[in-house]
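Spelled out from the first residue to the last, the chains are:
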Amino acid sequence: MRAWDLFLEAEYKKPYFTSLHFFLAARRTEGVIIYPSEKELFASFELTPFEKIKVVILGQDPYHGEGQAHGLCFSVRDGYKIPPSLRNIFKELHSDLGLPIPTNGNLTKWAQNGVFLLNTILTVEQKSPGAHKQKGWETFTDAAIQHISRHQEKVVFILWGAFAQQKKKLIDCSKHLVLESPHPAAEVYAGGKAGFFGSKPFSKANDYLGKNAVDWQL
């Protein structure tokens, strides 16, 4: 059994998750379109084995446009337009590490290379951002963050923006590195002067990880 499986099985049995399950089922029965698909809901857990986690990047909730979300925060499915936040992440990747700016927004390779791409709310309704706030996902993902903090060593947690930075209290900073900066979307409104550009999260993470550094090239 994979290390994540024990965690997931324990959470599935808790009352809050039962309530969340019934909420999602009811919304689907009502004909509401929910992203990502059910089969992709736990893609971040499936693509990044617990024992392979090197970096955790936290998002808020999935993209709410048709076909974009596929279970990894900030990532879009192959062939879809790269959203503004991800474009800025790619600009910083290029500035920080000198890597080419990717032409595709699918971050699956990062997930497979040990970057746990976790939205703190795992579902959203079409064209309705934040529709599933306070329905139970925050309890689930808080538990996941704490599980990583308690049972792993030397993980880099990248917290972009105030929403993600609220999760710092769940992390044992004596055994992990926490990197905080403005959200990449803030640069869209600040003309490139919000403070995300130049924060160098990728090189800082790799300096901390040493021989376990992440291959960030897509």
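What counts as what
- Residues numbered from 1 in each chain as written.
- Predicted model: local features only at pLDDT ≥ 70, side-chain atom pairs only at ≥ 80, totals over all residues.
- Heavy atoms only, no water.
- Helix = DSSP H or I, 4+ residues; strand = E, 2+ residues; numbered from the N terminus.
- Rg over C-alpha atoms; globule rule 2.2 N^0.38 Å.
- Buried < 20%, exposed > 50% of the residue type's maximum accessible area, 1.4 Å probe, protein only.
- Contact = heavy atoms within 4.5 Å.
- Lys, Arg positive; Asp, Glu negative; His and termini not counted.
- Charge placed at Lys NZ, Arg CZ, Asp CG, Glu CD.
- Salt bridge = Lys/Arg side-chain N within 4 Å of Asp/Glu carboxyl O.
- Axes fitted to C-alpha atoms, helices over the stretch in contact; angles between N-to-C directions.
- Parallel < 35°, antiparallel > 145°, perpendicular 65-115°, else oblique.
- Nonpolar A, V, L, I, M, F, W, Y, C, P; charged D, E, K, R; others polar.
- 1 Å grid on protein atoms, 1.4 Å probe; cavity = no way out; pocket = protein on both sides within 12 Å on 5 of 7 lines; lining within 4 Å.
- Points joined across faces, edges and corners; volume = space filled by probe spheres on them.
- Pairing = 2+ DSSP bridges.
- Core = buried A, V, L, I, M, F, W, Y, C linked by side-chain atoms within 4.5 Å.
- Arc of directions from axis to C-beta.

What to know about the overall build of the chain
So, point 1. If you tally the helices and strands in the chain, you get nine helices and six strands.
So, point 2. Taken over C-alpha atoms, the radius of gyration comes to 17 Å for the chain, in line with the 17 Å a tight globule of 218 residues would show.
So, point 3. Taken over the C-alpha atoms alone, the chain extends approximately 45 × 35 × 25 Å along its principal axes.
So, point 4. When each of the 218 residues of the chain is scored for burial, the buried share is 51%.
So, point 5. A separation threshold of at least 6 residues defines the contact pool for the chain, and within that pool the share at least 24 residues apart is 66%.
So, point 6. One way to put it: in the chain the 26 positive side-chain charges average out to a point 3 Å from where the 22 negative ones average out.

What about the pairing of strand 3 (residues 115-119)?
So, point 1. The buried fraction of strand 3 amounts to five of the five residues, a majority that puts the element mostly inside the structure.
So, point 2. Judged by which residues are buried, strand 3 turns out to be covered on both faces: Val-115, Leu-117 and Asn-119 on one side and Phe-116 and Leu-118 on the other are all buried.

Side note on the pattern of salt bridges
Side chains that differ in sign of charge can pair as their charged atoms come close.
So, point 1. Considering all chains together, one arrives at eight salt bridges under this definition.
So, point 2. For Lys-14, the salt bridge is made with Glu-11, and the minimal N-O distance between the two is 2.9 Å.
So, point 3. Given a relative accessible area of 5%, Glu-11 falls into the buried group.
So, point 4. The shortest N-O distance in the salt bridge between Arg-28 and Glu-38 comes to 3.8 Å. In this pair, Arg-28 sits in helix 2 (residues 15-29) while Glu-38 sits in the loop between strand 1 (34-35) and helix 3 (43-47), placing the two residues ten residues apart along the sequence.
So, point 5. Of the residues examined, Arg-28 reaches a relative accessible area of 26% and is grouped as partly exposed.
So, point 6. Under the relative-accessibility criterion, Glu-38 is labelled exposed at 56%.

Brief notes about the packing of helix 4 (residues 84-97) against helix 9 (residues 201-209)
So, point 1. In contact at an axis separation of 7 Å, helix 4 and helix 9 are set at 55° when each is read in the N-to-C sense. By the angle between their directions, the pair helix 4 and helix 9 is classed as oblique. Across from Ile-89, Glu-92, Leu-93, Asp-96 and Leu-97 in helix 4, the residues of helix 9 making contact are Pro-201, Phe-202 and Ser-203.
So, point 2. For the contact of helix 4 with helix 9, a count of residues per class yields five nonpolar, one polar and two charged.

Details of empty space enclosed by the protein
So, point 1. In the structure shown here, the tally under the stated rule is one cavity of 30 Å³ or more.
So, point 2. Volume-wise, the largest cavity comes out at about 40 Å³.
So, point 3. In terms of lining, the largest cavity is formed by Pro-36, Leu-41, Ser-44, Pro-62, Gly-71, Leu-117, Leu-118, Asn-119 and Leu-122.
So, point 4. Per-element tally for the lining of the largest cavity: the top contributor is strand 3, with three residues.

Here's the deal with the sheet that holds strand 3
So, point 1. Strands sit in the order 3-2-5-6 across an open sheet of four strands; the sheet is parallel. Looking at strand neighbours, the two that pair on one side only are strand 3 and strand 6 (177-181), the edges of this open sheet. Put simply, the sheet's adjacent strands are angled 20° from each other on average, direction ignored.
So, point 2. In this structure, strand 2 (residues 55-59) lies alongside strand 3, joined through five bridges in parallel fashion. Its bridge partner being in strand 3, Leu-58 is matched across the sheet by Leu-118.

Description of the nonpolar core
So, point 1. Counting residues in each nonpolar core, the largest one holds 33 residues, and the members touching the most others are Trp-4, Phe-45, Trp-137, Phe-140, Ile-148 and Phe-157.
So, point 2. For this core, the secondary-structure elements that each account for two or more residues are helix 1 (3-12), helix 2, strand 2, strand 3, helix 6 (137-151) and strand 5 (156-160).
So, point 3. Looking at this core element by element, the count peaks at six residues for helix 6.
So, point 4. Apart from the residues within four sequence positions on either side, Trp-137 is in contact with Phe-17, Leu-20, Leu-24, Leu-41, Phe-42, Thr-120, Ile-121, Leu-122, Thr-123 and His-132.

Describing helix 9
So, point 1. When we look at burial in helix 9, the residues that qualify are Pro-201, Phe-202, Ser-203, Ala-205, Asn-206 and Leu-209.
So, point 2. Where helix 9 is buried, its residues meet strand 2, helix 4, helix 5 (108-112), strand 5 and strand 6.
So, point 3. Residue Gly-210 follows helix 9 closely and has a positive phi angle near 60°.

Considerations on helix 1
So, point 1. Taken as a whole, helix 1 has its buried residues at Trp-4, Phe-7, Leu-8 and Glu-11. End-on, the buried residues of helix 1 take up no more than an arc of 95°, which puts them together on one face.
So, point 2. Along its buried surface, helix 1 packs onto helix 2, helix 3, strand 3 and helix 6.

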